[in-house]
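# An overview of the molecular structure
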Amino acid sequence: MNQDFLIQVGAILDSKYVLTEDADKAPYLTDWRNRFTGRALAVLLPSTSAEVAAIVKLCANTKTAIVPQGGNTGLCGGATPDQSGKQVILSLKRMKQIREIDVANQTISLEAGCILQTIQEKAAEKGFLFPLSLGAEGSCMIGGNLATNAGGTNVLRYGSTRDLCLGLEVVTANGEIWNGMKGLRKDNTGYDLRDLYVGSEGTLGIITAAVMKLYPLPISQWTTLVATQDISSTIALLNLFQQRATSLLTGFEMMTKESLTLIDKHFPQMANPLKGSPPFTILIELSDHESEDHVKQLLEAILEEALESELITDAVIASNLSQANSFWHMREHITLAQAQEGANLKHDITIPLSALDRFISETDALIKAKYPGIRIINFGHLGDGNLHYNVAPPEGVDFKAFNAANEKPVHELIYSQVELCNGSISAEHGVGQLKIDELRAHKGEVAHELMKSIKKALDPQNILNPRKVLSI
Ligand code: FAD
Ligand code: 2HG
Ligand code: ZN
């Protein structure tokens, strides 16, 4: 059967694009965090939508499960196959054509394997901003961004990947190509298929191409780091910026003292320029299409107001692009610093801004009381109410042993607090194989059953990324 499949796939792809040797498959079998490792019959590397469609048809005929993969930077194990050795990985990395930049329509049409940073660069060459931005942008691909509905650091101004997407091309579970590559900002022709596929993590269809929105490139950007003493003044500061800067506010990221302790330890060259390790360091960015002076004066005026009303205790404005970049590097290296420290327990959650203060103070207290010495590495996209509320064992305690003993109860404690605050257990990273049980527990019975019905309708043979998102 396996041999038969490989012979048939040989009629679709050149043999160099069908990887079956262990050493060739290895880089595709483990996730970025080294949390999940699987086995695969083969890794398939198509270069056109027609090849993807032919592969999916073959998989449908032979009931072979497919795990789509982009840049393999996902944080929930969604792109990692199971242990059976019967699944195939379908990597989109050879599908990297930019089909069109439509200047008048302010859109870019491109294939799923385009690397996010390349898209930003190509858009900039034409004077446009492609606003999706995240720490993995040098490796993650637009197909993966769409499949996970990735967020990142510009969501508060431009929305998440879903909001940036106007059209999709998708290979369905029976190997048909749905051409939804329309660059329309309005289209009310019945059910929104595009929105169904965005965020479906490869379980409903294979995204092969997309039409994405572009925006004018800002001509000036000012970045500041400010110190706050508690979360309520941080929220008040966010509200002040929202009122005074409105749509010029393009970044509002929060880092706790404990998060930056990890930066000090693993990336000392990126030290916080704010003195005295404040409880909260906030990275704020304003962007404008008018002169440098306008936005700089606005930023200074807001910071002055914030200092006078004691919302902040200190501030440093980046004096040039390189210093601004160094602020962002510090923020974006927290994930890498955590990975170097050990496998922390991740909680990518959203809480309504009005409940954030309560969530953090109550959850910090509960967790510290239950696990004395535990480290709460809390940082994230505060402007979106999105916390990366990650947890590491006390200094000196073995990560593996701590996680084995405490993973489930730690998750339960935190997710029940999320539920009390009417939040979400997955803000931007998705569900993958990591959060299937939690999704079942927290999505609500009706919603969970509806999701299962959609999965069964669109993928009746369950060949598309089985046991991801849902336990079927
Ligand atoms: P993969 O990891 O390859 O796949 C992710 C999921 O999508 C899998 O379920 C896979 O099966 C599916 N998939 C991939 N391509 C397709 C396709 N073409 N069709 C259908 N399904 C597909 N995420 C954020 O949201 N915000 C952040 O700020 C952020 N920062 C990060 C920082 C670091 C350092 C790292 C390592 C990760 C970060 N992530 C972040 C997570 C990750 O980068 C994103 O989820 C990204 O969108 C995944 O893209 P990818 O191409 O690597 O997808
Ligand atoms: C970020 O915002 C990413 O840096 C990763 O979403 C978060 O490490 C994490 O938990
Ligand atoms: Zn994030």
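My aim in this report is to walk through the structure given alongside it, one point at a time. (Residues numbered from 1 in each chain as written. Chains lettered and ligands numbered in written order. Predicted model: local features only at pLDDT ≥ 70, side-chain atom pairs only at ≥ 80, totals over all residues. Heavy atoms only, no water.)

### Structural notes on the overall build of the protein
When its secondary structure is counted, the protein shows 17 helices and 18 strands. Seen through its C-alpha atoms, the protein measures out along the principal axes to roughly 70 × 55 × 45 Å. A separation threshold of at least 6 residues defines the contact pool for the protein, and within that pool the share at least 24 residues apart is 74%. Working note: accessible area of the protein is about 20,200 Å², and carbon and sulfur atoms make up 51% of it. Placing the 42 positive and 54 negative side-chain charges of the protein at their respective mean positions leaves the two points 7 Å apart. (Helix = DSSP H or I, 4+ residues; strand = E, 2+ residues; numbered from the N terminus. Contact = heavy atoms within 4.5 Å. Areas by Shrake-Rupley, 256 points an atom, 1.4 Å probe, with all protein chains shown as cover. Lys, Arg positive; Asp, Glu negative; His and termini not counted. Charge placed at Lys NZ, Arg CZ, Asp CG, Glu CD.)

### Quick word on the packing of aromatic side chains
According to the stated counting rule, one finds 5 aromatic pairs in the structure shown. Positioned over the ring face of Tyr17 is Arg94, at 3.3 Å from the centre of the ring. The aromatic ring of Tyr158 is capped on one face by Arg157, whose charged end is 4.5 Å from the ring centroid. (Phe/Tyr/Trp six-rings, centres within 6.5 Å; stacked < 30°, edge-to-face > 60°. Lys NZ or Arg CZ within 6 Å of the ring centre and 35° of its normal.)

### Overview of the coordination of the zinc ion (ligand 3)
Donor atoms from the polypeptide that bind the zinc ion (ligand 3) are His381 (NE2), His388 (NE2) and Glu428 (OE), placed at 1.9 to 2.1 Å. In the primary structure, the donors to the zinc ion (ligand 3) are separated according to the pattern H-x6-H-x39-E. With His388 in strand β18 (residues 386-392) and Glu428 in the loop between α15 (399-420) and α16 (436-442), this residue pair connects regions lying 40 residues apart in the sequence. Overall, His388 belongs to the buried group, its relative accessible area being 5%. On the accessibility criterion, Glu428 (11% relative accessible area) is buried. (Donors = N, O, S within 2.8 Å, 3.2 Å for Na, K, Ca; no water. Buried < 20%, exposed > 50% of the residue type's maximum accessible area, 1.4 Å probe, protein only.)

### Quick look at the site of ligand 2
Around ligand 2, the surrounding shell consists of Leu75, Arg331, Thr335, Gln338, Lys346, Phe379, His381, His388, Asn390, Glu428 and His429. With respect to ligand 2, the side chain of His388 contributes an N or O atom lying 3.0 Å from an oxygen atom. Within the side chain of His429, an N or O atom sits 2.7 Å from an oxygen atom of ligand 2. For ligand 2, whose unbound accessible area comes to 290 Å², protein coverage reaches 88%. Considered class by class, the residues forming the shell around ligand 2 number 2 nonpolar, 6 polar and 3 charged. (Near = heavy atom within 4 Å. Polar contact = N/O pair within 3.5 Å; in protein donor to acceptor, adjacent residues only side chain to side chain. Nonpolar A, V, L, I, M, F, W, Y, C, P; charged D, E, K, R; others polar.)

### Overview of helix α9 (residues 231-245)
Compared with an ideal rise of 1.5 Å per residue, which puts 15 residues at 21 Å, α9 spans 20 Å between its outermost C-alpha atoms and is within 8% of the ideal. Close packing links the buried residues of α9 with β12 (220-228), β13 (249-256), β14 (280-288), α11 (292-308) and α14 (356-370). Of the residues trailing α9, Thr246 is marked for its positive phi of about 40°. (Expected span 1.5 Å × (residues − 1).)

### Quick look at the nonpolar core
Nonpolar side chains tend toward joint burial in soluble globular proteins. Grouped together as the largest cluster of nonpolar side chains are 47 residues, with contacts concentrated most on Phe241, Phe252, Phe359, Ile367, Leu387 and Ile414. Elements that contribute at least two residues to this core include exactly β12, α9, β13, β14, α11, α14, β18 and α15. Ranked by residue count, the leading element in this core is α9, at 7 residues. Ile367 has contacts with Ile374, Ile376, Tyr389, Val391, Val410, Leu413 and Ile414, leaving out every residue within four places of it along the chain. Grouped together as the second largest cluster of nonpolar side chains are 28 residues, Leu146, Tyr158, Cys165 and Leu168 included. (Core = buried A, V, L, I, M, F, W, Y, C linked by side-chain atoms within 4.5 Å.)

### Section: the site of ligand 1
Around ligand 1, the structure places 36 residues, and the nearest of them are Pro68, Gly70, Gly71, Thr73 and Gly74. One of the side-chain N or O atoms of Thr148 is found 3.0 Å from an oxygen atom in ligand 1. A distance of 3.2 Å separates an oxygen atom of ligand 1 from a polar atom in the side chain of Asn465. At the level of elements, β3 (66-69), α5 (142-148) and β10 (206-213) are the ones that each hand at least two residues to the shell around ligand 1. For the shell around ligand 1, the leading source of residues is α5, giving 5 residues. For the shell around ligand 1, a count of residues per class yields 14 nonpolar, 20 polar and 2 charged.

### Quick notes on the sheet that holds β3
Strand order in the open sheet formed by 4 strands is β1-β2-β4-β3, and the pairing between neighbours is mixed. In the strand order of this sheet, the two ends are held by β1 (18-19) and β3, each with one partner. Looking at chain direction, β1 and strand β2 (residues 42-44) are connected through 2 bridges and run antiparallel. Opposite Leu19, over in β2, you have Val43 as the bridge partner. (Pairing = 2+ DSSP bridges.)

### Quick notes on the packing of helix α10 (residues 257-266) against helix α13 (residues 334-341)
Running from N to C, α10 and α13 cross one another at 70°; their axes reach a closest spacing of 9 Å. Classed by the angle they form, the pair α10 and α13 counts as roughly perpendicular. Across the interface between the two elements, Ser259, Leu260, Leu262, Ile263, Lys265 and His266 from α10 touch Ile334, Ala337, Gln338, Gln340 and Glu341 from α13. Tallied by class, residues from the contact of α10 with α13 come to 5 nonpolar, 4 polar and 2 charged. (Axes fitted to C-alpha atoms, helices over the stretch in contact; angles between N-to-C directions. Parallel < 35°, antiparallel > 145°, perpendicular 65-115°, else oblique.)

### A short note on the packing of α14 against α15
Taken N-terminus to C-terminus, the directions of α14 and α15 make an angle of 155°; their axes are 10 Å apart at the nearest point. Accordingly, the angle class assigned to the pair α14 and α15 is roughly antiparallel. Crossing of α14 over α15 shows right-handed handedness. In this structure, α14 uses Arg358, Phe359, Glu362, Thr363, Leu366, Ile367 and Lys370 to contact α15, whose residues at the interface are Pro409, Val410, Leu413, Ile414, Gln417, Val418 and Leu420. (Left-handed = near helix turned anticlockwise from the far one by under 90°.)

### Digging into unusual backbone geometry
Even without glycine at this site, Gln106 takes up a positive phi of about 55°. With respect to the helices, strands and loops of the structure, Gln106 is situated in the loop between β5 (98-102) and β6 (107-111). Backbone geometry places Val469, a non-glycine residue, at a positive phi of 65°. Summarising the element assignment, Val469 is placed in the segment after α17 (445-458). Residue classification places Val469 among the buried positions, given a relative accessible area of 9%.

### Quick notes on the environment of Val397
Note that Val397 resides in the loop between β18 and α15. Here the alpha-carbon distance between Val397 and Ile374, two residues 23 residues apart in the chain, equals 9.6 Å.

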